[in-house]
Amino acid sequence: MSTDKPLILVVDDEPDIRNLIKDILEDEAYRVVIASNGEEAREAFVQHQPNLVLLDIWMPDIDGISLLKEFKQQNSSVTIVMMSGHGTIETAVEATRSGACDFIEKPLSMAKLLRGVELALENRARQAAIQLEMAVEPVGKSAKMVQLREQAEKVASHDMPILLVGEGGTGKHCYAHYLHRLGAYASGKFIEFSPESFPLDSHKLTNLAQQNCIYINDIALLSDDAQALMLHLLESGQLKQSQLICATQQSLEKAIARGDFLDGLYYQLNTITLQIPALRDHIEDIPELVHFFVDQQTTQAGLPYRRFTVAAQNRLRNYNWPGNILELKNVIQRMLVLGDADDIDVADIEAALHAEPPPNADDIEGINLDLPLREAREQFERIYLLQKLQETDGNVGKAAKLAGMERTHLYRKLRALGIDTKQV
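On a predicted model such as this, the values are computed, not experimentally measured, just so you know. (Residues numbered from 1 in each chain as written. Predicted model: local features only at pLDDT ≥ 70, side-chain atom pairs only at ≥ 80, totals over all residues. Heavy atoms only, no water.)

Engineer: What is the right way to read the packing of helix H6 (residues 143-155) against helix H7 (residues 172-182) from this model?
Structural biologist: Helix packing geometry: the angle between the two helix axes and the distance between the axes. Interaxial distance between H6 and H7 falls to 9 Å at its minimum, and their mutual angle equals 45°. As summarised for this structure, H6 and H7 are arranged oblique, according to the angle between their axes. When the axes of H6 and H7 are compared, the crossing they make is right-handed. Judged by residue contacts, Met-145, Leu-148, Ala-152, Glu-153 and Val-155 of H6 engage Tyr-175, Tyr-178, Leu-179 and Leu-182 from H7. Taken together, the residues of the contact of H6 with H7 break down into eight nonpolar, no polar and one charged. (Axes fitted to C-alpha atoms, helices over the stretch in contact; angles between N-to-C directions. Helix = DSSP H or I, 4+ residues; strand = E, 2+ residues; numbered from the N terminus. Parallel < 35°, antiparallel > 145°, perpendicular 65-115°, else oblique. Left-handed = near helix turned anticlockwise from the far one by under 90°. Contact = heavy atoms within 4.5 Å. Nonpolar A, V, L, I, M, F, W, Y, C, P; charged D, E, K, R; others polar.)

Next comes the structure, spelled out in structure tokens:
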């Protein structure tokens, strides 16, 4: 079987449709694995690690949305396209919210199927390119950054867990990609888990970890069960054939003192710790970071090139940056999108820095903090996207760039949240 094309898993309980899709895709030289139900799909997913999954919504043993959530929990980077002959807008919205890349209605035409597959794989390639960009060497010539790069080069190839400690927005996610690139499993996948998506099935977790990099963000917020599982796997050596990187912006020592974190897990993770500095502690790197982000946004996102004057860069150096590098990146992106002149000067910087003060965690207007996490997140998304649309006078294309989203994904999100751009 040719390995030039991606591997696609087709999950459908109707044999005629399943085999028809297989034949069509194989005629286009794709590699194809098929499954007729949820159990077969689970086995094929773990065994073959497909690049793309075509997943029917209605099956006898499990609904496709539940299986979609399982697959995304096991591998958040997998691309999944849902299929249904009885789809509704509500079903499509739920699938998109749960991580589906697209939704194809039956009956399937050859052209519709192939175009859907092509678009899904193109989106996957774009995401892979973004991940590659994130794996670049950390930017900066300051003593702190030089030391951090030297430390990363020394520790990346070891099989011991690496703990990244730093404030929000300092770039821990990017450092994790960089360590993966330098590590012994650079040819494997970078699999990311949040506290919400962390799998509690030890078999699934160990299978996913084999020869890959596992990155756990906000590890201080893992549930008690997840912490106990991690401690067991580390003590028993079941994660040896993998790279494990964990990140936290909270003090794990304080979490232990509160009874929120297992001290045994802390001692397992604390062998190699890298402190990621706040931007205010290496402010001399800002000019280089500005050049890096301008180049990145003009080449990746197609934004117009604008030059930051020396005076503008000096003003950026004299700001405290509570949101760290992420805040700097967002300010630069906003100015490239909204600016009119070729040069960005001090007055432009002043306007940008005071346009959107960061919210206080104790004073988030408009969000009911008593709601369950999912509903509170929807409230935040609505407020956030309305703000981006207001900044761009309702221009969805510009708002998508500010939010770092694909335009089509933003349109789906706006529809799901009931936001009418004509009324913004």
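Engineer: Is there a simple way to explain the sheet that holds strand S2 (residues 31-35) in this structure?
Structural biologist: Backbone hydrogen bonds hold the strands of a sheet together, and the pairing may be parallel or antiparallel. Spatially, the five strands line up as an open sheet ordered S2-S1-S3-S4-S5, and their pairing is parallel. Across the chains shown, the open sheet's two edge strands, defined by having one partner strand only, are S2 and strand S5 (102-105). Neighbour-to-neighbour, the strand axes of this sheet turn through a mean angle of 20°, independent of strand direction. Alignment of strand S3 (residues 52-56) against strand S4 (residues 79-84), held across five bridges, turns out to be parallel. Note that in S4 the partner of Leu-54 across the bridge is Val-81. Along the sheet, helix H2 (residues 38-48) contacts strand S1 (7-11), S2 and S3; its crossing angle with S1, the most-contacted strand, is approximately 170°. In this fold helix H3 (residues 64-74) packs onto S3 and S4, with an angle of close to 175° to the strand it touches most, S4. (Pairing = 2+ DSSP bridges.)

Engineer: Sorry, what's going on with the nonpolar core here?
Structural biologist: Counting residues in each nonpolar core, the largest one holds 28 residues, and the members touching the most others are Phe-198, Ile-216, Ile-219, Met-230, Leu-244, Phe-261 and Leu-269. Not counting residues up to four positions away in its chain, the partners in contact with Phe-198 are Gln-73, Phe-193, Leu-205, Ile-216, Leu-222, Ala-226, Leu-229 and Met-230. Counting residues in hydrophobic clusters, the runner-up holds 26 residues, among them Ala-312, Trp-321, Met-335 and Ile-344. (Core = buried A, V, L, I, M, F, W, Y, C linked by side-chain atoms within 4.5 Å. Buried < 20%, exposed > 50% of the residue type's maximum accessible area, 1.4 Å probe, protein only.)

Engineer: Looking at this structure, I do not really get the environment of Ala-352. What am I missing?
Structural biologist: Considering the arrangement of structural elements, one finds Ala-352 in helix H15 (residues 346-355). Separated by 21 residues in sequence, Ala-352 and Val-331 place their C-alpha atoms 6.6 Å apart.

Engineer: Before we go on, may I ask you to explain the pairing of S4 in this structure?
Structural biologist: Consecutive side chains along a regular strand alternate between the two faces of the sheet. Among the six residues of S4, six are classified as buried, and the element is accordingly described as predominantly covered. Across the two faces of S4 the burial is the same, with Thr-79, Val-81 and Met-83 and Ile-80, Met-82 and Ser-84 all buried. Each parallel crossover has a hand, and for S3 linked through H3 to S4 it is right-handed. Of the strand pairs in this sheet, S4 and S5 are connected by four bridges, and their pairing is parallel. The partner of Val-81 across the bridge, within S5, is Asp-102. (Right-handed = clockwise from strand over helix to strand, strands pointing away.)

Engineer: I would appreciate a short explanation of the packing of H2 against H3 in the present structure.
Structural biologist: Relative orientation of the contacting elements H2 and H3 amounts to 15°, with a least axis distance of 11 Å. Taken together, the axes of H2 and H3 lie roughly parallel to each other. Considering how the two elements wind past one another, H2 and H3 form a crossing that is right-handed. Every residue of H3 that contacts H2 at Gly-38, Ala-41, Arg-42, Phe-45 and Val-46 is listed here: Leu-67, Glu-70, Phe-71 and Gln-74. Split by residue class, the contact of H2 with H3 holds five nonpolar, two polar and two charged.

Engineer: Just checking my understanding: could you explain the confidence of the model for the protein for this structure?
Structural biologist: Averaged over all residues, the pLDDT of the protein is 85; the fraction at 70 or higher stands at 90%. Per-residue pLDDT stays below 50 along residues 356-364; that stretch engages in six contacts with residues further than four places along the chain or on separate chains. (pLDDT = per-residue confidence, 0-100.)

Engineer: For this particular structure, what's the right way to read the sheet that holds strand S7 (residues 190-193)?
Structural biologist: Strand order in the open sheet made by the five strands is S7-S8-S9-S6-S10, with parallel pairing throughout. In this open sheet, the two strands that pair with only one neighbour each are S7 and strand S10 (272-275). Ignoring strand direction, the axes of neighbouring strands in this sheet form an average angle of 20°. Judged from the four bridges that link them, strand S8 (residues 213-216) and strand S9 (residues 243-248) form a sheet pairing that is parallel. Bridged to Ile-216 within S9 is Cys-246.

Engineer: Any chance you could explain the pattern of salt bridges here in plain terms?
Structural biologist: A full pass over the atoms with the stated rule returns 15 salt bridges. Between Glu-167 and Arg-280 there is a salt bridge, with its nearest N and O atoms 2.4 Å apart. Residue Glu-167 is found in the loop between strand S6 (162-165) and H7, and its partner Arg-280 is found in the loop between S10 and helix H12 (286-300); the two are separated by 113 residues along the sequence. Classification of Arg-280 by relative accessible area gives partly exposed; the value is 35%. Between Asp-343 and Arg-307 there is a salt bridge whose closest N-O contact spans 3.1 Å. With Asp-343 in strand S12 (residues 343-344) and Arg-307 in strand S11 (residues 307-308), this pair connects stretches of sequence that are 36 residues apart. We classify Asp-343 as partly exposed; its relative accessible area is 36%. Classification of Arg-307 as partly exposed rests on a relative accessible area of 40%. Each of Glu-39, Arg-42, Glu-70 and Lys-204 takes part in one network of salt bridges that share partners. (Salt bridge = Lys/Arg side-chain N within 4 Å of Asp/Glu carboxyl O.)

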